[in-house]
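# An overview of the molecular structure
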Amino acid sequence: MGQPVRRSEDRRFITGRGRYTDDIALPREVAGYVLRSPHAHAKLRTIDTAVARAAPGVLAVFTGADLERDGIGRIPCVVPLKNRDGSRIRMVEHPLLAASSARHVGDGIAFVVAESAAAAKDAAELIQVEYDVLPAIADAAGALAPGAPLVWDDIPDNLCFDWETGDRKAVEAAFARATHIVELSLVNNRLVANSMEPRGAFGAFDAAEERFTLYTSTQGSHAIRRLLAASVFRMPENRIRVVTPDVGGGFGMKLFLYPEQGLVLYAARKLGRPVKWIGERSESFLSDAQGRDNITRARLALDADLNFLAIDVETVANLGAYLSNFGTFIPTMAGTAMLAGVYRTSAAVVRVKGVYTNTVPVDAYRGAGRPEANYALERLVDHAARKLGIAPAELRRRNFIPPDAMPFKTALGMTYDSGEFAKNLSDALKHVDADGFAMRRAQSEARGKLRGLGISTYIEQCGGGFDEMAEIRFDSSGAATVIVGSQSTGQGHQTAYAQIVADGLGLSFERVRVHQGDTDIVGFGRGTGGSRSLPVAGNALGIAIRRVIEKGKKIAAHRLEAAEADIEFVDGQYVIAGTDRRIGIVEVAQAAFNPLLLPPGFEPGFDEKAHYLPAAHTFPNGCHACEVEIDPETGVTTVLRYVVVDDFGNVVNPLLLAGQIHGGVVQGIGQALIEGCIYDAGGQLLTGSFTDYAMPHADDVPPIEFSYNVVPCRTNPLGIKGAGEAGAIGAPPAVINAIVDAIAGLGIETIEMPATPYSVWRAIQQARL
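One structure accompanies this document, and this report is about it. Just so it is clear, the structure is predicted and the values come from calculations on it, not from any experiment.

Here is what the cut-offs are and how they apply
Residues numbered from 1 in each chain as written. Predicted model: local features only at pLDDT ≥ 70, side-chain atom pairs only at ≥ 80, totals over all residues. Heavy atoms only, no water. Buried < 20%, exposed > 50% of the residue type's maximum accessible area, 1.4 Å probe, protein only. Helix = DSSP H or I, 4+ residues; strand = E, 2+ residues; numbered from the N terminus. Pairing = 2+ DSSP bridges. Polar contact = N/O pair within 3.5 Å; in protein donor to acceptor, adjacent residues only side chain to side chain. Contact = heavy atoms within 4.5 Å. 1 Å grid on protein atoms, 1.4 Å probe; cavity = no way out; pocket = protein on both sides within 12 Å on 5 of 7 lines; lining within 4 Å. Points joined across faces, edges and corners; volume = space filled by probe spheres on them. Axes fitted to C-alpha atoms, helices over the stretch in contact; angles between N-to-C directions. Parallel < 35°, antiparallel > 145°, perpendicular 65-115°, else oblique. Left-handed = near helix turned anticlockwise from the far one by under 90°. Nonpolar A, V, L, I, M, F, W, Y, C, P; charged D, E, K, R; others polar. Expected span 1.5 Å × (residues − 1). Arc of directions from axis to C-beta. Phe/Tyr/Trp six-rings, centres within 6.5 Å; stacked < 30°, edge-to-face > 60°. Lys NZ or Arg CZ within 6 Å of the ring centre and 35° of its normal. Core = buried A, V, L, I, M, F, W, Y, C linked by side-chain atoms within 4.5 Å. Salt bridge = Lys/Arg side-chain N within 4 Å of Asp/Glu carboxyl O.

### Some remarks on the pairing of strand β9 (residues 200–206)
- Within β9, 5 of the 7 residues are buried, which leaves it mostly tucked inside the rest of the structure.
- Where β9 meets strand β12 (residues 275–278), 4 bridges bridge the pair, whose relative direction is antiparallel. Along β12, the bridge assignment pairs Gly-200 with Ile-278.
- In this structure, β9 lies alongside strand β10 (residues 211–216), joined through 6 bridges in antiparallel fashion. By the bridge assignment, Asp-206 is partnered in β10 with Arg-211.
- Hairpin connection from β9 to β10: 4 residues lie between these consecutive antiparallel strands, with Glu-210 at a positive phi of about 50°.

### Things to note about the side chain of Ser-486
- Structurally, Ser-486 is set in the loop between β20 (480–484) and α14 (493–505).
- For Ser-486, a relative accessible area of 1% corresponds to the buried category.
- Reaching out from Ser-486, the side chain makes a polar contact with the side chain of Tyr-497 at a distance of 2.7 Å.
- The contact partners of Ser-486, leaving out residues within four places of it in the chain, are Glu-468, His-493, Tyr-497, Gln-516, Gly-527, Thr-528, Ser-533 and Ala-537.

### Here we look at the layout of surface pockets
- In this structure, the second largest pocket spans a volume of roughly 670 Å³.
- Forming the walls of the second largest pocket are 32 residues, and the residues nearest its centre are Val-187, Asn-189, Ile-678, Met-753 and Pro-754.
- Broken down by secondary-structure element, the contributors of at least two residues to the lining of the second largest pocket are β8 (180–188) and α19 (757–768).
- With 5 residues, the top contributor of residues to the lining of the second largest pocket is α19.

### Looking at the packing of helix α10 (residues 370–388) against helix α18 (residues 726–743)
- As a packed pair, α10 and α18 sit with axes 8 Å apart at the nearest point and diverge in direction by 30°. The pairing of α10 with α18 is recorded here as roughly parallel in orientation. Crossing of α10 against α18: the hand is right-handed. In contact with Arg-370, Pro-371, Asn-374, Tyr-375, Glu-378, Arg-379, Asp-382 and Arg-386 of α10, α18 contributes Ala-728, Ile-729, Gly-730, Pro-732, Pro-733, Ile-736, Asn-737, Val-740 and Asp-741.
- Residues of the contact of α10 with α18, tallied by class, amount to 8 nonpolar, 3 polar and 6 charged.

### Here's the deal with the side chain of His-222
- Mapped onto the elements, His-222 comes out in helix α7 (residues 221–232).
- When its relative accessible area of 5% is taken as the criterion, His-222 is described as buried.

### Things to note about α10
- Relative to the 27 Å expected for 19 residues at 1.5 Å per residue, α10 spans 27 Å between its end C-alpha atoms, a close match to the ideal helical length.
- Counting buried positions along α10 yields 16 of 19 residues, so the element is predominantly enclosed.
- Looking one or two residues past α10, Gly-389 carries a phi angle of roughly 70°, positive in sign.

### Digging into helix α6 (residues 168–177)
- If you check which residues of α6 are buried, you get Val-171, Ala-174 and Phe-175. Buried residues of α6, seen end-on, are gathered within an arc of 100° and therefore sit on one face of the element. The exposed set on the far side of α6, more than 90 degrees from its buried face, consists of Lys-169, Ala-176 and Arg-177.
- Against β8, β13 (294–302), β14 (308–320) and β15 (347–356) lie the buried residues of α6.
- The N-capping residue of α6, defined by a side-chain oxygen 3.3 Å from the backbone nitrogen of Lys-169, is Asp-167.

### Quick word on the sheet that holds β20
- An order of β21-β20-β19-β25 is seen for the 4 strands of this open sheet, with the pairing classed as mixed. Only two strands of the sheet have a single partner each, and these edge strands are β21 (512–515) and β25 (607–612). Ignoring strand direction, the axes of neighbouring strands in this sheet form an average angle of 15°.
- As paired elements, strand β19 (residues 468–474) and β20 share 5 bridges and run antiparallel to each other. Note on β20: the bridge partner recorded for Ile-472 is Val-482.
- Packing against the sheet, α14 makes contact with β19, β20 and β21, and its axis sits at approximately 135° to β21.
- In this fold helix α15 (residues 533–560) packs onto β19, β20 and β25, with an angle of close to 145° to the strand it touches most, β25.

### As for the packing of aromatic side chains
- The final tally for this structure, using the stated rule, is 18 aromatic pairs.
- Seen from their ring centres, Phe-308 and Tyr-343 are 5.2 Å apart, and the 75° between their planes marks the pair as edge-to-face. Placement of Phe-308 in strand β14 and of Tyr-343 in the loop between β14 and β15 is noted, with a sequence separation of 35 residues between them.
- By relative accessible area, which is 5% here, Phe-308 ends up buried.
- Since its relative accessible area comes to 1%, Tyr-343 is described here as buried.
- The positively charged end of Arg-299 is found above the aromatic ring belonging to Phe-175, 4.2 Å away from the centroid.

### Concerning the nonpolar core
- If you look at the biggest cluster of nonpolar residues, it comprises 113 residues, and the most contacted ones within it are Leu-395, Tyr-416, Tyr-642, Ile-736 and Ile-739.
- Ranked by residue count, the leading element in this core is α18, at 11 residues.
- Judged by nonpolar contacts, the second largest core, of 45 residues, contains Leu-505, Val-536, Ile-585 and Tyr-612.

### A few points about the environment of Thr-332
- Here Thr-332 shows up in the loop between β14 and β15.
- What Thr-332 contacts, discounting residues up to four positions off in sequence, is Leu-81, Phe-161, Trp-163 and Val-352.
- Here the side chain of Thr-332 touches Thr-328 through a polar contact of 2.6 Å, landing on its backbone oxygen.

### Thoughts on the sheet that holds β10
- The strand order across the open sheet built from 7 strands is β3-β5-β1-β12-β9-β10-β11, with neighbouring strands paired in mixed fashion. One side of each edge strand has no neighbouring strand; the edge strands of this open sheet are β3 (58–63) and β11 (240–243). The sheet shows a mean angle of 20° between the axes of neighbouring strands, taken without regard to direction.
- As defined by bridge partners, strand β1 (residues 30–36) adjoins β12 across 2 bridges and the pair is classed as parallel. Following the sheet pairing, Ala-31 is matched in β12 by Lys-276.
- With respect to the sheet, α7 is in contact with β10 and β11, its orientation differing from that of β11 by roughly 150°.
- Here helix α8 (residues 259–271) sits on the sheet and contacts β1, β3, β5 (108–114), β9, β10 and β12; the angle it forms with β9, its principal contact strand, is near 30°.

### Looking at the pattern of salt bridges
- Enumeration over the complete set of coordinates arrives at 53 salt bridges.
- Residues Glu-260 and Arg-36 are paired through a salt bridge, measuring 2.7 Å at the closest nitrogen-oxygen approach. With Glu-260 in helix α8 and Arg-36 in strand β1, this pair connects stretches of sequence that are 224 residues apart. Exposure class is identical for Glu-260 and Arg-36. Each is buried.
- One salt bridge in this structure joins Arg-440 and Asp-433, with 3.0 Å as the shortest N-O distance.
- Arg-440 gets classed as buried once you look at its relative accessible area, which sits at 13%.

If you want it as structure tokens, here you go:
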């Protein structure tokens, strides 16, 4: 524990020995391909599949009508909110294939199954679809405009929900007595997850057992099984096995059930052969759940001493054409509580309107609502500082929650257990050499460049919610297998969990194996999301470790001929207190499988499992500092330095932690500077490939200077806080604050993400007019 152990899984990954969904092969397997709508909104008049069915190698062509006839269900949203007036929201489900209308470019129309992927793709081009093209709407604000095209005929204003949290009366009173009121409108741009491994699904059906097996790239096999069983096939869960092999990145996007996962199972049952679908990169842009896409207006009330009195935030969230599994949750309950930030603000209210548009569904993307909230808050605080003539760091210091106020209940109902926010800020400013910034800015100006320094604090709620399971199984050789319900998608779970068990039981790291992802082996699991793997599954593992130790005391006492009360466990050894007589846990585990060596009545075997339900969320927090230089003649922004100071409580593996922060920061810089998913007014995706959708490269990012302060979490036994999403939460506002700092001298108060060279150049040119 606490050591920078290199990831044990990396050897097979970097030598090409990972086993991903597309690497799995089954006898007589065939391939599937989805024909997708080229229109953002259209009635499906006719779908003629006759020629495609007769094409070489084609086994079947399925349409939405086929699925409806066979009673196949739809994919639900699992978070039914209430509107601010208490009424029910307008929820829609996602069909596996559209039957009557296509509602976004990329909506599935038909599923072709053939002997090869190439044959299926060729046959899809032979399907004749008669479309009655309808008006479409793609942007969130336009969806609410009077007379806007309707995505769903029975939702007359495109409004899914109108939700609110906080105390509006208290906020109104605070604004009424405020000395200063600052307001800022901003956009949180839509993103495509673009995991290295595209989505894939490989389905088989055992007719004798009447049982499905699905191999698929996910963030949690059990969640996929639950939805398939309950909503799509309406059968007991034990008739579906879901196996998640190695996963090449998820970022939230692979947490959800997708149509293709149901389609391959449906087709496998119909045809009696395994069916594999592997998405192409172009399909990822058209069908993977996308992220962000919020329009926000935020207001901050301050008194004469610049203390924060209240915050009032209104957001319009684009949900896409269908509700993804957590589509309603992400812009509401997932992150809005973080609009309180690390500040003592006494009143807050947040109103969110979720709207349907003719676009790909929107759901969780790294941070899942918290980056959106933190961006709005930290941009607003910086904007207030500039408006009121105070240094952004000083305004933050005046309003930080002090450590001695912990536990602290915020105006939005969260109770923070720990955090030293002023120290994070001071450390970040020291590491970035804020005192020397004026000199560096002058040097840039001498070269005709603009230099800016931006900061962003953050806090996030994570590692809470539902329970998680962990199990430790010893074999007769004394080696341990860890079975856990979370799912690695590249984070290094195999290493981190093995560290916890090796440390807790005194085993060598090499004697511990970790297993995830197979619902036939792992009895229970919630999957990976919300930075909850170590804070929740790790603590479940800690409980299982303690149970193993206690179970072993009975065997050790019998083998050492001592009273169980006299047995202590120290560094992997059971010791008779006050003596040098001892027996190792490996020998105890081996004895557990030999009835002749066990105490009377002891059942052979050495296994223990545990569930852990967190009493509260964890609240990782920190400060990011970003220094940029801008060429005003081209608008090109160069990130010169990037400093992160975080608090993740106790740290299991500093090396894995740094990797998580680096990845999150790079994604945050990508959102701030270059990434943006853009639809035209008619719902056509303009950024449907890497030709048009920019991704951050190594030369876009400087070395990330990362350090952390250890302030243990007080609400879980291991004292750890979630870390997987933090980098993506703090980075966007830090980068944009730095850009605004660089161009503020020209009278520019804000700039939207992504701050591409063109948008920066245009802002500078307009300011010079």
